[in-house]
Amino acid sequence: MPHPVMFRDDDMGLAEVREIALGFPGAFEKVSHGRPVFCAPKMFVIYGGSAKADSKGEHIQYPHSILVKVDDSDRAALDQDRRFFFPAYMGPYGWLGLDFTAAKVDWKEVAELADASFRMVAARKLIQQLDQR
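Just so it is clear, the structure is predicted and the values come from calculations on it, not from any experiment.

K.L.:
Can you help me understand the packing of aromatic side chains in this one?
P.N.:
How two aromatic rings sit relative to each other is given by the distance of their centres and the angle of their planes. For the structure shown, the criterion picks out 6 aromatic pairs. With centroids separated by 5.4 Å and ring planes inclined at 75°, the aromatic side chains of F24 and F44 adopt a geometry described as edge-to-face. You can see F24 sitting in the loop between α1 (14-21) and β1 (28-32) and its partner F44 sitting in strand β3 (residues 43-52), a full 20 residues away along the chain. Neither F24 nor F44 differs from the other in exposure class; each is buried. Ring centres of F24 and F118 lie 4.8 Å apart, and the angle between their planes is 25°; this geometry places the pair in the stacked category. Here F24, found in the loop between α1 and β1, pairs with F118, found in helix α3 (residues 107-121); they are 94 residues apart in sequence, far enough to count as distant. Take F118: its relative accessible area is 0%, and that puts it in the buried class. In textbook terms, an aromatic cluster arises when at least three aromatic residues are bridged by ring pairs, as seen for F24, F44 and F118.

Thresholds, definitions, all that
- Residues numbered from 1 in each chain as written.
- Predicted model: local features only at pLDDT ≥ 70, side-chain atom pairs only at ≥ 80, totals over all residues.
- Heavy atoms only, no water.
- Phe/Tyr/Trp six-rings, centres within 6.5 Å; stacked < 30°, edge-to-face > 60°.
- Helix = DSSP H or I, 4+ residues; strand = E, 2+ residues; numbered from the N terminus.
- Buried < 20%, exposed > 50% of the residue type's maximum accessible area, 1.4 Å probe, protein only.

In structure tokens form, the structure reads like this:
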């Protein structure tokens, strides 16, 4: 059974995330687990996420957010920022979520997070193309 679609095209920040993510070399969008996922060809940005709650089996939904892969050296600082959350399922694999509803969104910061995530998963050839721009 497929996952239900958990977004609308007019969701807060989705158009901006699309513009940023699809600007990377080789980037494309697909829907996975009901959410927009941006790949090149590995995932580097996911729109929307959730975090595990204190009660077993419960989740806190962050429908207007992004999940990005972060370097371990950046994780400690980002963990101190209340806008970030440890996403269910993806967190143990180096991902963090940025909640767009926690504060005014800094789109330059979102672009920098997407860039760093892209560089962690993209092929060297795609990274070289990005650097040549």
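Back to the write-up after that little detour.
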